[in-house]
Amino acid sequence: MSDEQPPVEITVYENGPAVIRGAYRLQDKDREEIDPGRETIALCRCGLSALKPFCDGNHALRGAARSAL
Amino acid sequence: MRLPAPRGPVSTALFACLSGEPGPVPSRLTELVDALPETTADARSDEDVQISLWTCYGLAYDGFEGVDEGWEWQPSLLAVRGALEAVFERDLLADVRMPEDLSPEQVPAFLMDLCGPSTPAGLLKFMHQNATLGQFKEMVIHRSIDGLHEADAHTWAIPRVTGRAKSALIEIQADEYGGGMPGRSHSDLYAILMTELDLDPEYGAYIDQIPAASLSIHTLRSMFGLHHRWRGGILGNLAATEIGSSFINRRFSEGLARVGGSKKARWFYDEHILADAVHEQLAAHDMCGAFVADYPAEWERLVIGALATLNIRGLFAGSIVEAWAAEGTSLRALATV
């Protein structure tokens, strides 16, 4: 049992990213591994991130104008 | 850490008392704190109240050189702290407006919207595009009281909640402490940021220069964290801190790079970009969403905690922008000896 890898778990948040946990491997289209430098990651689903494939919180820019920035 | 310099009658009496043996506090101190409801206009920005409260809480964190540890649980001093907290809480709540039609199940979406990436008074945009290196250093000094103890006040909440909210809180906190890896906790990264900017990373090194509006960010967390009845409030405080944080920290990192900050200096901000993209979801949905569902009598306290946090952040940002607009320093002048 102790050798078993935990299943990859993907949690999709409404109006937010997909949070990935577990023994995933992240890679680009050439199958080169992308090292996120952390175990749990959030992947962008809105296309607004400047750090794709990772989420950088830019989803908050959608919708209401953030004129006070 | 040494005791700070007093900033008024309460802190003068308090610090004199702390230098002695633990015991009953002088009646003069009790009279002063009993009069605070009349003598304090807004405890959030009152220098005497905030430095006194910060020092009372400091006994529960690092303690002070020359101050007997017995003071931490001395009933007479806890009564003084309680009087300081009462006036602080009065002024926090006076400025909180609960939305009338908000229901518990709407809380996660409400928090995500409320705590979005905007910061009051245009401070974020200024840090990103205009701040000088000197102004960056000032900002880092202001935030050092909190940054060098990052996550600690929220840890007080762990034994106070159960179930899904606790699990989400622990997942966030473990990350804040670098997953247990020495040197990787966010407070360690803050010390690196300070060192890279030629600032002293020792906790409290700049305490006498840090104004009340900056101290209140930390005293708010400590008050929420140290009181069971504010366990919802401390979770709301954490959510308000995490939500929007990725967005804010990316712009701080870019702003610091603009004025020549090294990659190592920016590590603190860069770490928060990816970490808090996860944390903001955990905080809003898993932690706060679970808490309001599992503790139905306390959901409003959580929202009040988030609102009070944003109000204090607004006061802090406003005071800095105002000082810089007047082309002065946002820090307090050191007393000349």
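Residues numbered from 1 in each chain as written. Chains lettered and ligands numbered in written order. Predicted model: local features only at pLDDT ≥ 70, side-chain atom pairs only at ≥ 80, totals over all residues.

Novice: Is there a simple way to explain the overall build of chain A in this structure?
Specialist: Of regular secondary structure, chain A possesses zero helices and three strands. Ordered by position in the sequence, the α and β elements of chain A form the string β-β-β. Restricting the contact set of chain A to residue pairs at least 6 apart, pairs at least 24 apart contribute 15%. (Helix = DSSP H or I, 4+ residues; strand = E, 2+ residues; numbered from the N terminus. Contact = placed C-beta atoms within 7 Å.)

Novice: Can you walk me through the interface of chain B and chain A in this structure?
Specialist: Accessible area lost when the parts come together is the quantity often used to give the size of an interface. Counting residues at the interface gives 19 residues for chain B and 19 residues for chain A. Among the elements that line the side of chain B that touches chain A, the one with the most residues is helix H15 (residues 263-294) of chain B, at nine residues. The class makeup of the residues in the side of chain B that touches chain A is eight nonpolar, seven polar and four charged. (Nonpolar A, V, L, I, M, F, W, Y, C, P; charged D, E, K, R; others polar.)

Novice: Looking at this model, I keep getting lost on the sheet that holds strand E2 (residues 18-21) of chain A. Mind explaining?
Specialist: Note: strands within a sheet are paired through backbone hydrogen bonds, in either parallel or antiparallel orientation. The three strands are arranged E1-E2-E3 (chain A) in an open sheet whose pairing can be described as antiparallel. Since the sheet does not close on itself, it has two edges, and those belong to strand E1 (9-12) and strand E3 (41-43) of chain A, each with one partner. With direction set aside, neighbouring strand axes in the sheet form an average angle of 25°. Along the sheet, H15(B) contacts E2 and E3 of chain A; its crossing angle with E3(A), the most-contacted strand, is approximately 90°. (Pairing = 2+ DSSP bridges. Axes fitted to C-alpha atoms, helices over the stretch in contact; angles between N-to-C directions.)

Novice: Sorry, what's going on with the packing of helix H13 (residues 231-242) of chain B against H15(B) here?
Specialist: To characterise two packed helices, one gives the angle between the axes of the helices and the distance between these axes. All names here are of chain B. Contact pair H13 / H15: the axes reach a minimum separation of 8 Å and the direction vectors enclose 155°. On the basis of their axis angle, the class for H13 and H15 is roughly antiparallel. For the element pair H13 and H15, the recorded crossing hand is left-handed. Seen from H13, the contacting residues are Gly 232, Leu 235, Gly 236, Leu 238, Ala 239 and Glu 242; seen from H15, they are Asp 276, His 279, Glu 280, Ala 283, Ala 284, Met 287, Cys 288 and Phe 291. Taken together, the residues that form the contact of H13 with H15 break down as eight nonpolar, three polar and three charged. (Parallel < 35°, antiparallel > 145°, perpendicular 65-115°, else oblique. Left-handed = near helix turned anticlockwise from the far one by under 90°.)

Novice: I tried to follow unusual backbone geometry on my own but got confused; where do I start?
Specialist: Negative phi characterises most residues that are not glycine, and trans characterises most peptide bonds. Of note, the bond from Lys52(A) into Pro53(A) is cis; its omega dihedral lies within 30 degrees of zero at 15°. Residue placement: Pro53(A) occurs in the segment after E3. Here Glu327(B), not a glycine, exhibits a phi torsion of approximately 60°, which is positive. Following the sequence through the fold, Glu327(B) ends up in the segment after helix H16 (299-325).

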